[in-house]
Amino acid sequence: MNIAELADKVIAGDRRALARAVTLVESSRADHREATAELMERLRGAGREAIRIGLSGTPGVGKSTFIESFGSMLTGQGLRVAVLAVDPSSARSGGSILGDKTRMEKLSRDPNAFIRPSPAQSQLGGVARRSREAVALCEAAGFDVVLVETVGVGQSETMVAEMTDLFVLLLAPAGGDELQGVKRGIMEMADLILVNKADGALKQTATRTCADYAGALRLLRKRPQDPEGFPKAMTVSAVEESGLDAAWTAMSELVEWRREQGAFAATRAGQARFWFREEVRYGLLARLDAPEAKARMAELADQVARGEAAPAAAAREMLESLRQG
Ligand SMILES: Nc1nc2c(ncn2[C@@H]2O[C@H](COP(=O)(O)OP(=O)(O)OP(=O)(O)O)[C@@H](O)[C@H]2O)c(=O)[nH]1
Ligand SMILES: [Mg+2]
């Protein structure tokens with residue numbers, strides 16, 4: 001495969017090339033990882049900057065419906081929208097987005113949208129690294145907004161927050177007791193809380209829930225990356241397509257402010273550091289997985305078990321052998 005050509009096509013906005021590039025970055029084959037590194041290096045200079053939005057919420061809260069309406073609204077305004085997912089369970093389910101393309105029927109047919117399910121990997125770390133590269137691919141391909149969806153189950157939010165500029169938490173209308181159900185750590189990550197399903201019989205409850213969360217957000221420690229009034233809680237209805245415009249306005253305001261203050265670039269710089277460290281960590285672990293390393297490991301473990309070597313000394317020897325490898 002000619003990586004230079006692929007990079008050029010991605011930058012030119014060729015959708016098929018983009019899809020091929022995403023497939024490449026999702027592969028764990030050693031030669032593909034190498035090609036990916038070259039590809040990402042080439043795309044780095046494309047000089048494009050999308051707004052990357054992380055979107056999280058528990059199953060059934062309306063993420064797919066929201067992405068369909070919100071994404072269609074944005075493409076309606078002439079913006080190009082990419083949708084990716086980080087879902088470590090997708091190895092089983094076949095991908096959360098793929099499963100409900102029916103819920104994104106309009107968006108999946110939209111020429112200005114690109115939808116990609118979560119890569120099939122069993123480990124969150126693997127899924128997240130690949131998704132992070134897919135985000136950069138979409139950005140280089142000229143998408144204005146990249147939405148990264150994740151199911152609200154804890155760890156995956158942290159990973160998504162490390163690859164996005166904004167973190168949006170989607171919640172359902174709920175009674176007072178359920179308010180505590182949202183983990184503090186996730187609340188602290190949110191830039192915007194959207195209480196969905198603010199329609200019909202649920203409207204009043206949604207308004208009350210929203211006020212409760214707005215109160216809870218005010219109790220959190222002030223973050224340097226926030227202007228006055230953020231993080232913010234708002235109501236939306238993905239089905240009735242209401243509140244979406246206001247939500248987008250709030251997101252744009254926040255991004256603009258952060259760009260002016262330098263917080264936007266600072267966050268991305270911190271993220272680049274994070275992923276660099278992750279790559280090194282995974283690279284080291286991958287070395288341990290090589291057949292020769294595994295054999296050496298087993299050999300040394302036997303020696304330690306027989307009392308022929310102390311654990312620390314054997315470990316040093318192992319690490320030394322990796323250094324040469
Ligand atoms: N009343 C109302 N129902 C909604 C709204 N948004 C979504 N729903 C309904 O909530 C249910 C779940 O919606 P999905 O969009 O599939 O939710 P999800 O968060 O993607 O769910 P998972 O993919 O399982 O995590 C569906 O029956 C939707 O029709 C809304 O704005 N108002
Ligand atoms: Mg869904």
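Report on the accompanying structure.

**Observations concerning the overall build of the chain**
Part 1 of the reasoning: Summing up its helical and strand segments, the chain has 15 helices and seven strands in all.
Part 2 of the reasoning: Its C-alpha atoms put the chain at 70 × 50 × 40 Å along the principal axes.
Part 3 of the reasoning: If you take every contact in the chain between residues at least 6 apart in sequence, the share linking residues at least 24 apart comes to 76%.
Part 4 of the reasoning: Total accessible area on the chain stands at roughly 16300 Å², and carbon and sulfur atoms take up 52% of it.
Part 5 of the reasoning: Across the chain, 43 positive and 44 negative side-chain charges occur, with their mean positions spaced 1 Å apart.

**Re the sheet that holds strand β1 (residues 51-57)**
Part 1 of the reasoning: The seven strands lie next to each other as β3-β2-β4-β1-β5-β6-β7, forming an open sheet whose pairing is parallel. A strand with exactly one partner marks an edge of an open sheet, and here the two such strands are β3 (113-115) and β7 (232-235). Ignoring strand direction, the axes of neighbouring strands in this sheet form an average angle of 20°.
Part 2 of the reasoning: Two strands pair when backbone bridges link them, and β1 and strand β4 (residues 145-151) are joined in this way by seven bridges, in the parallel orientation.

**Concerning the pairing of β1**
Part 1 of the reasoning: Where burial is concerned, most of β1 is hidden: seven out of the seven residues are buried.
Part 2 of the reasoning: Burial along β1 is two-sided: the face carrying I51, I53, L55 and G57 and the face carrying R52, G54 and S56 are both buried.
Part 3 of the reasoning: With four bridges joining them, β1 and strand β5 (residues 166-171) adopt parallel strand pairing. Within β5, the position partnered with I53 by the bridge is L166.

**Section: the packing of aromatic side chains**
Part 1 of the reasoning: Within the structure shown, the criterion is met by four aromatic pairs.
Part 2 of the reasoning: Ring plane angle 90° and centroid distance 5.0 Å describe the contact between F274 and W275, whose orientation is recorded as edge-to-face.
Part 3 of the reasoning: Looking at W275, the relative accessible area reads 3%, which means it is buried.
Part 4 of the reasoning: The aromatic ring of F143 is capped on one face by R80, whose charged end is 4.3 Å from the ring centroid.
Part 5 of the reasoning: Cation over ring: K232 sits above F230, and NZ or CZ is 4.8 Å from the ring centre.

**Looking at the environment of A19**
Part 1 of the reasoning: Mapped onto the elements of the fold, A19 is located in helix α2 (residues 15-26).
Part 2 of the reasoning: Taking the relative accessible area as the measure of exposure, A19 reaches 25% and is therefore partly exposed.
Part 3 of the reasoning: Sequence separation between A19 and Q155 is 136 residues, and the spatial gap between their C-alpha atoms is 27 Å.
Part 4 of the reasoning: In contact with A19, other than residues within four places in its own chain, are F114 and R116.

**What about the site of ligand 1?**
Part 1 of the reasoning: What surrounds ligand 1 is a group of 16 residues, the closest being K63, S64, T65, R103 and D199.
Part 2 of the reasoning: A distance of 3.0 Å is found between an oxygen atom of ligand 1 and a backbone nitrogen or oxygen belonging to G60.
Part 3 of the reasoning: V239 is positioned with one of its backbone polar atoms (N or O) 3.1 Å from an oxygen atom of ligand 1.
Part 4 of the reasoning: Within the complex, the protein chains bury 73% of what would otherwise be the 650 Å² of accessible surface of ligand 1.
Part 5 of the reasoning: Of the residues assigned to the shell around ligand 1, the class counts are four nonpolar, seven polar and five charged.

**A word on unusual backbone geometry**
Working note: non-glycine residues mostly have negative phi, and peptide bonds are mostly trans.
Part 1 of the reasoning: The peptide bond linking F230 to P231 adopts the cis configuration, its omega dihedral lying at -5°.
Part 2 of the reasoning: Among the structural elements, P231 can be located in the loop between α11 (203-218) and β7.
Part 3 of the reasoning: One non-glycine residue, K197, lies in positive phi territory at about 65°.
Part 4 of the reasoning: Within the secondary structure layout, K197 lies in the loop between β6 (192-195) and α11.
Part 5 of the reasoning: Residues other than glycine seldom take positive phi values, yet E241 does so here, at roughly 60°.
Part 6 of the reasoning: Tracing the backbone through its elements, the reader meets E241 in the loop between β7 and α12 (244-261).

**Looking at the pairing of strand β2 (residues 81-86)**
Part 1 of the reasoning: Of all six residues in β2, six are buried, a share of seventy percent or more.
Part 2 of the reasoning: Strand direction decides the pairing type here: β2 and β3, joined by three bridges, are parallel. Across the sheet, residue V81 finds its bridge partner in β3, namely A113.
Part 3 of the reasoning: Bridging between β2 and β4 involves six bridges; their strand directions are parallel. Each residue of the ladder has a partner; that of L84, found in β4, is V148.

Thresholds, definitions, all that
- Residues numbered from 1 in each chain as written.
- Chains lettered and ligands numbered in written order.
- Predicted model: local features only at pLDDT ≥ 70, side-chain atom pairs only at ≥ 80, totals over all residues.
- Heavy atoms only, no water.
- Helix = DSSP H or I, 4+ residues; strand = E, 2+ residues; numbered from the N terminus.
- Contact = heavy atoms within 4.5 Å.
- Areas by Shrake-Rupley, 256 points an atom, 1.4 Å probe, with all protein chains shown as cover.
- Lys, Arg positive; Asp, Glu negative; His and termini not counted.
- Charge placed at Lys NZ, Arg CZ, Asp CG, Glu CD.
- Pairing = 2+ DSSP bridges.
- Axes fitted to C-alpha atoms, helices over the stretch in contact; angles between N-to-C directions.
- Buried < 20%, exposed > 50% of the residue type's maximum accessible area, 1.4 Å probe, protein only.
- Phe/Tyr/Trp six-rings, centres within 6.5 Å; stacked < 30°, edge-to-face > 60°.
- Lys NZ or Arg CZ within 6 Å of the ring centre and 35° of its normal.
- Near = heavy atom within 4 Å.
- Polar contact = N/O pair within 3.5 Å; in protein donor to acceptor, adjacent residues only side chain to side chain.
- Nonpolar A, V, L, I, M, F, W, Y, C, P; charged D, E, K, R; others polar.

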